[in-house]
Amino acid sequence: MIIKKEGKEPGTMLVIFRLHKSVMADSVYVVGDFNNWNRHSHPMKRSEDDEMWELSLELEKGNTYQFRYLIDGNNWQNDWHADRYVPNPFGGENSVIET
């Protein structure tokens, strides 16, 4: 699930990435072109009620970002609530968010 809100800084949007706790994992990262596909820079944390994995990012408005979730370092997953999907060079698809 993705939640979009007005960002704190002008020209930004707060994007909250969420995965339900049913995703059994030791680690989950949001990896995309906003972090140069760095597999370790944006870890998700468990929510206070332990129902979700969450990460909030403030992204520049008016852009399109491709991303995927990396679960336990080897399982790539899309967000099925993304704005759309585009083919990636590995034969799959990337999630896309528009801000």
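This text gives an overview of the structure that appears in the document. (Residues numbered from 1 in each chain as written. Predicted model: local features only at pLDDT ≥ 70, side-chain atom pairs only at ≥ 80, totals over all residues. Heavy atoms only, no water.)

## Points about the sheet that holds strand 4 (residues 45-46)
Threshold: Strand pairing is defined by DSSP finding a minimum of two bridges between the two strands. Helix numbers and strand numbers start at the N terminus; a helix is a DSSP run of H or I with at least 4 residues, a strand a run of E with at least 2.
With antiparallel pairing, the 4 strands of this open sheet are ordered in space as 1-2-5-4. In this open sheet, the two strands that pair with only one neighbour each are strand 1 (2-6) and strand 4. Of the strand pairs in this sheet, strand 1 and strand 2 (residues 12-20) are connected by 5 bridges, and their pairing is antiparallel. Bridging across to strand 2, K4 finds its partner in V15.

## Looking at the nonpolar core
Generally speaking, a soluble globular protein has its nonpolar side chains buried in company with each other. To be explicit about the condition: Here, the term nonpolar core denotes a set of buried Ala, Val, Leu, Ile, Met, Phe, Trp, Tyr and Cys residues that are joined through side-chain atoms within 4.5 Å. A 1.4 Å probe rolled over the protein chains alone gives each residue an accessible area, and that area as a share of the maximum for its type sets the label: buried under 20%, exposed over 50%, partly exposed in between.
Counting 21 residues, the largest nonpolar core has F17, V28, V30, F34, M44, F67 and Y69 as its most contacted members. For this core, the secondary-structure elements that each account for two or more residues are strand 2, strand 3 (28-32), strand 5 (52-60) and strand 6 (64-71).

## Notes on the environment of N94
Selection criterion: Any two residues having at least one pair of non-hydrogen atoms within 4.5 Å are treated as being in contact. Any pair of N or O atoms that falls within 3.5 Å is considered a polar contact. Within protein, one atom must be able to donate a hydrogen and the other to accept it, and sequence-neighbouring residues count only if both atoms are side-chain atoms.
On the secondary structure map, N94 appears in strand 9 (residues 93-98). Sequence separation between N94 and K5 is 89 residues, and the spatial gap between their C-alpha atoms is 22 Å. Once residues within four sequence positions are removed from consideration, N94 is found in contact with W37, Q66, F67, R68, N78, R84, Y85, V86 and N88. Looking at N94, its side chain comes within polar contact range of the side chain of Q66, at 2.8 Å.

## Focus on the environment of S27
Secondary-structure assignment places S27 in the loop between strand 2 and strand 3. Between the C-alpha atom of S27 and that of V86, which follows or precedes it by 59 residues, the distance is 25 Å. If near-sequence neighbours (up to four positions away) are discounted, S27 is found in contact with W53, L70, I71, D72 and G73.

## Notes on the packing of aromatic side chains
Cut-off, in case you're wondering: Pairing of aromatic rings covers Phe, Tyr and Trp, the last counted by its six-membered ring, and requires centre-to-centre distances within 6.5 Å; plane angles under 30 degrees mean stacked, over 60 mean edge-to-face, and any other angle means tilted.
For the structure shown, the criterion picks out 6 aromatic pairs. Consider the rings of F17 and F67, whose centres lie 5.0 Å apart with planes at 70°: the pair is edge-to-face. Of this pair, F17 sits in strand 2 while F67 sits in strand 6, and the two are 50 residues apart along the sequence. Since its relative accessible area comes to 0%, F17 is described here as buried. Owing to a relative accessible area of 0%, F67 belongs among the buried residues under this scheme. Ring centres of F17 and Y69 lie 6.5 Å apart, and the angle between their planes is 85°; on these two criteria the pair is classed as edge-to-face. Here the residue F17 occupies a position in strand 2, and Y69 occupies one in strand 6, the gap between them amounting to 52 residues. Y69 shares its class with F17; the two are buried. The structure contains a cluster of three or more aromatic residues connected by ring pairs, namely F17, F34, Y65, F67 and Y69.

## Structural notes on the pairing of strand 3
Taken residue by residue, a regular strand's side chains alternate between the two faces of the sheet. Most of strand 3 sits inside the fold, with 5 of its 5 residues counted as buried. Both faces of strand 3 are covered, namely the face carrying V28, V30 and G32 and the face carrying Y29 and V31. Of the pairings in the sheet, the one linking strand 3 to strand 6 comprises 5 bridges and is antiparallel in character. Within strand 6, the position partnered with Y29 by the bridge is L70.

By themselves, these are just geometric observations and shouldn't be taken as functional.
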